[in-house]
Each structure stands twice: as C-alpha cells, then as structure tokens.
Amino acid sequence: MTGQDEGVRLQKVLARAGVASRRASEDLIARGRVEVNGQVVREFGTRVDPARDVIRVDGARIPPERSNSYVVLNKPRGVLSAMEDDRGRRTLAEFVQRRGERLFHVGRLDADTEGLILLTNDGEFAQRMSHPSYEIRKTYVAVVEGAMEHATLARIRRGITLEDGPIRPDKIRIMARERDRTMVEITLHSGRNRIVRRLFDAVGYPVRQLSRTAFGPVRLGRLKPGEVRDLTREELGALLDAAKL
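Source: prediction; values computed, not measured. Sequence order as written defines the numbering, with residues in each chain counted from 1. Per-residue local features are limited, in this predicted model, to residues with pLDDT of at least 70; the limit for side-chain atom pairs, both in listing and counting, is 80 or more; totals at the level of whole chains, interfaces and linings are taken over all residues. Hydrogens and water molecules were not included; the side-chain quantities draw on all heavy atoms of the structure.

Draft legend 1. The layout of surface pockets, seen in detail. Here the largest pocket is characterised by a volume of approximately 420 Å³. Forming the walls of the largest pocket are 26 residues, and the residues nearest its centre are R108, L109, G191, R192 and R212. Secondary structure elements follow DSSP: runs of H or I no shorter than four residues count as helices, runs of E no shorter than two count as strands, and numbering proceeds from the N terminus. Of all the secondary structure elements, the ones that give two or more residues to the lining of the largest pocket are α4 (123–130), β10 (138–145), α6 (195–202) and β15 (207–215). Looking at the lining of the largest pocket, its residues break down into 12 nonpolar, seven polar and seven charged. There is about 220 Å³ of room inside the second largest pocket. Around the second largest pocket, the lining comprises 14 residues; the ones closest to its centre are P64, R66, Y70, L231 and L236. The classification used treats Ala, Val, Leu, Ile, Met, Phe, Trp, Tyr, Cys and Pro as nonpolar, Asp, Glu, Lys and Arg as charged, and all other residues, Gly among them, as polar. Class assignment for the residues of the lining of the second largest pocket results in six nonpolar, three polar and five charged. A 1.4 Å probe that fits into a set of points on a 1 Å grid over the protein atoms alone but cannot get out defines a cavity; an open set with protein on both sides within 12 Å along at least five of seven lines defines a pocket, and lining residues are those with an atom within 4 Å of a point. Grid points are joined across faces, edges and corners, and a volume is the space filled by probe spheres set on the points.

So this is what it looks like as structure tokens:
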C-alpha cells in the first residue's frame, strides 16, 4: 500500500479489473472481503500500487492490468510445439497469427499429443510456469493399449523408476476400460520429456492417444482443437500465485 497522495484508490483498481462496479467494490471493502498484501482493508480511501501490491477478494488473487497476453490453445495432434519450423511442418503460429502480438509457448507438448498449451509474451511468467521448482500440476487423459489391471494402477500410484529417475503421479484414475484399451486420467507436476508416455510404456501399457486437459487451474473445457482464448482473470490470478509473481 502507498501514501495518501500516491497510487490508485483500491475501489478503482477493483472496478478496472472487472471485479465489480466502483460502488459495489466499496461494499466489498466495507464488508472486509478485500485484502492488500495479506491485510484486510476496510477504508475506501486506501491507495495501492496495482503493479506491486497483491490484492485479493474472498481470497482470490486479482491480477493487475497487464500489457502482456496470456493465451490458451487446444493444440491439435500433429502440430509442433514451436512457432516456426524450417521443414514446413505445422506449428503453433498457425493458430495465433491473427492476434498481432508476438507470442511464444510455455513448455511444450510432443507432436502426437494434443490439448492445452499456454502462449504468452511475458518472459518471466513463461519461465516460472516451466520451471520444475514451482510444481505446476498438469492433467492428461491417456488411452492406453489393453485392459489395465488394478494392480498396475496401484503400482503406478506407488511410483515408477524410469531411466532418468523416479516418477509418482499426484493423482491417477481409470475413466473407462474395455477389452483392448483403457482410458486413464493422470495428474503430475513433472515437466520431464514425454513423461506420461514413458511411464505407461514402463508398465506395459503403451499410449495410443494423449491429451492434456488442465494446466494448474486452467482447464481445456469446451475449447475445440485449434481454438484459442485468453486466460480469465481468475485463472491468471491463480497462476501468478503459483509462480509467486
């Protein structure tokens, strides 16, 4: 928080962020539902620095107005996680070329994996989202060969040792099982190369199809392959918290 003659009034910041009208924002403040840097604020005249102060309403982070872009793409199968390719293969640039700004991808999915990938022009955000120390959870739906036994599921839950070290999922469950294939949902925070495919190969159930359906709090939802959308205020706020930005 800043001095009385500096910064921007808190209710104005909330209104600009789309939380509520200025008058409704004053009501939120009066009811003790707004925090600035961990402290409940009840004074309408409070001034803040939107770029530096951490503002929350009902515990949810309210990101400041940002000049950067944060985009969700449902990457189709067969598309490279790259913005250009000297061999003429399909890349992510195909789906965001109309946006005008120059974007780059956060992490990558292999060409045969479809689903959720983030793009941004915020370098620090991208670096932290990709760094293993922040342990951002990613959820995948895999269709594997064969009817997976519950003993195998239990083995995966305990953890598997691969050539580059052990891996243990945060969550795993069978969604559907047939005689020749099983649909499995798996959540993990590792960013190691082809980790989901290698994990299922190690237990004898090769992956036929793989899609990433969530990245932290961001879910694919009804976004169709090739479609893009901007992150919502709530999603961006949660990711900024996860990345300690």
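Draft legend 2. Main features of the side chain of S25. Checked against the element boundaries, S25 lands in helix α2 (residues 22–30). The residues touching S25, leaving out its near neighbours within four places in the chain, are Q11, L14, A15 and A20. Should any heavy atoms of two residues lie within 4.5 Å, those residues are counted as being in contact.

Draft legend 3. Molecular detail of the nonpolar core. To qualify as a nonpolar core, a set must consist of buried Ala, Val, Leu, Ile, Met, Phe, Trp, Tyr and Cys residues joined through side-chain atoms within 4.5 Å. For every residue, the accessible area (1.4 Å probe, protein chains only) is compared with the maximum for its type, and the residue is labelled buried under 20%, exposed over 50%, or partly exposed between those bounds. Counting 31 residues, the largest nonpolar core has V144, M148, I186, V196 and F200 as the members making the most contacts within it. If one sorts the elements of this core by residue count, α6 sits on top with four residues. With sequence-adjacent residues up to four places away left out, V196 is seen in contact with Y140, I186, L188, V207 and L210. L118, M129, L220 and L239 belong to the second-largest nonpolar core, a separate cluster that totals 18 residues.

Everything listed is a geometric property; what it means functionally is a separate question.
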